[in-house]
Amino acid sequence: MINPLGGIKVFAANANKQMAATIAKMLNVNVGKSEVTRFSDGEINMRINETVRGADVFIVQSTSYPVNDHLMELLIMIDAMKRSSAGRITAVIPYFGYARQDRRAKSHDPISAKLVANMLTTAGADRILSMDLHCPQIQGFFDIPMDHLRGMYVFVDYIKQAFGELHDVVVVSPDLGSVARCNSFAELLDVPLAIVDKRRSPNVADRSTIANFIGNVQGKIAVLLDDVMATGGSLCNAAESVMEHGARAVYACVTHPVLSEDAVEKIAASPLERLVVLDTIEMPPEKRHKKIEMLSVGELFAGAIDCIHRHESIGNLFRMESRFMQLNLKP
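Reading the values: the criteria
- Numbers given for residues are sequential positions, taken from 1 along each chain in its written order.
- Local features in a predicted model are, by the rule used here, given only for residues with pLDDT of at least 70; side-chain atom pairs are given and counted only at 80 or more, and totals for whole chains, interfaces and linings are based on all residues.
- Processing note: side-chain calculations cover all non-hydrogen atoms of the structure and skip hydrogens and water entirely.
- Whether a residue is buried, partly exposed or exposed follows from its accessible area with a 1.4 Å probe, protein chains only, as a fraction of its type maximum: under 20%, in between, or over 50%, in that order.
- By definition, any uninterrupted DSSP run of H or I lasting at least four residues is a helix, any uninterrupted run of E lasting at least two residues is a strand, and each is numbered from the N terminus.
- Only strands joined by at least two bridges in the DSSP assignment are considered to pair.
- Every crossover in which the path from the first strand over the helix to the second runs clockwise, viewed with the strands pointing away from the viewer, is termed right-handed.
- Every residue carries a pLDDT, the predictor's confidence in it, which falls somewhere between 0 and 100.
- Note on contacts: a residue pair qualifies if any of its non-hydrogen atoms lie within 4.5 Å across the two residues.
- We define the nonpolar core as a collection of buried residues of types Ala, Val, Leu, Ile, Met, Phe, Trp, Tyr and Cys that are connected through side-chain atoms lying within 4.5 Å of one another.
- The length a helix should cover is 1.5 Å for every residue beyond the first.
- As used here, the arc is the angular range of directions from the helix axis to the C-beta atoms.

1. Some details on the pairing of strand β12 (residues 249–257)
Then step 1. With respect to burial, β12 is a largely interior element, nine of its nine residues being buried.
Then step 2. Sheet topology note: the strand β11 (residues 221–229)/β12 ladder contains eight bridges and is parallel. Among the inter-strand pairings, Ile 221 is bridged to a residue of β12, identified as Ala 249.
Then step 3. After leaving β11, the chain enters helix α6 (residues 233–244) and then returns to the sheet as β12, a path that is right-handed.
Then step 4. Inspection of the sheet shows β12 paired to strand β13 (residues 274–278) by four bridges, in the parallel sense. Bridged to Ala 252 within β13 is Leu 275.
Then step 5. Crossover handedness for the path β12 to helix α7 (residues 263–269) to β13: right-handed.

Spelled out as structure tokens, the structure:
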């Protein structure tokens with residue numbers, strides 16, 4: 001299909017510069033020339049230093065810590081592109097912040113995920129590309145096309161390479177809310193599923209206790225799967241529960257390594273053999289630990305951008321007969 005837009009231009013604000021560089025390299029383009037500075041009162045100042053008129057623009061920016069700064073940077077850059085006559089603007093948001101408030105869990109709660117979706121659309125985004133939203137229904141909050149990549153395919157490839165024969169592997173859901181995701185992961189690996197029944201404290205966010213354990217991990221290698229690791233309490237508690245129920249080793253695969261507060265210390269003290277994460281959030285040196293292994297998904301995002309630009313299905317990125325991610329970038 002003939003693309004009526006100009007060529008691909010990849011830009012980055014401050015959250016994912018390394019991933020933007022990987023994406024640009026895979027697409028054989030340079031990262032766009034832009035700069036983000038601050039006025040004396042802390043307001044964000046954005047400058048685009050090259051023409052984007054008619055171009056197919058992709059802005060790479062996770063809304064990770066500091067969340068509000070990174071969100072405002074993204075909104076302002078989208079506005080700058082729109083006012084500079086970009087042909088199409090796609091916000092590439094590897095980690096979509098504010099996703100945990102996707103409904104009114106109790107009276108007077110905001111639905112922050114919907115608010116952020118509205119803000120991105122109002123700023124001028126024509127399309128959104130993200131990975132492992134905390135709740136898949138957030139896709140419906142957007143009135144513009146929204147492409148949702150799944151990190152589990154990268155983890156499937158990793159687990160197969162790490163363990164070879166998977167007879168002793170069990171996938172463990174760290175809470176009831178992750179059962180659907182973990183069940184799909186277990187089916188792709190063709191291994192059993194176990195479930196940790198986690199109960200959250202009604203008064204303290206990011207705090208939980210283990211109520212029940214469902215399944216058999218006796219003598220097995222347990223693999224926990226989750227989309228976000230914030231303080232690490234839930235996942236580390238689940239790892240301890242798995243070991244108490246007889247597992248011989250426990251690993252964890254997490255898409256978004258938020259790692260707030262003392263999460264790294266909890267990981268270090270936990271029975272986790274390894275925490276495998278994706279680079280949707282850049283990890284500063286002080287949060288790197290020998291137990292944490294980071295896998296890159298820049299190549300996967302580059303493939304998705306290539307498909308979007310060529311008006312092709314992003315499903316072409318996955319070769320289902322081999323059950324793991326295969327890129328199909330074209331010269």
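2. With respect to the confidence of the model for the chain
A low pLDDT score tells you not to read the predicted coordinates there in detail.
Then step 1. Per-residue confidence for the chain gives a mean pLDDT of 90; residues scoring 70 or more make up 90%.
Then step 2. Confidence over residues 320–325 falls short of pLDDT 50; this stretch has 15 contacts with residues more than four positions distant or in other chains.

3. Topic: the nonpolar core
Then step 1. Ranked by size, the top nonpolar core spans 48 residues in total, and within it Ile 23, Leu 129, Phe 185 and Phe 301 carry the most contacts.
Then step 2. Counting 37 residues, the second-largest nonpolar core is a separate cluster that includes Ile 78, Ile 89, Cys 135 and Phe 142.

4. Some points on helix α3 (residues 112–123)
Then step 1. Look at α3: 16 Å from first C-alpha to last across 12 residues, which is about the 16 Å you get at 1.5 Å a residue.
Then step 2. All of the buried residues in α3 are Ser 112, Ala 113, Val 116, Ala 117, Leu 120 and Ala 123. The buried residues of α3 occupy an angular sector of 145° when projected down its axis, which confines them to one face. Of the exposed residues in α3, the ones pointing more than 90 degrees away from its buried face are Leu 115 and Thr 122.
Then step 3. Tucked into the core, α3 has its buried residues touching α2 (67–83), β5 (88–93) and β6 (127–131).

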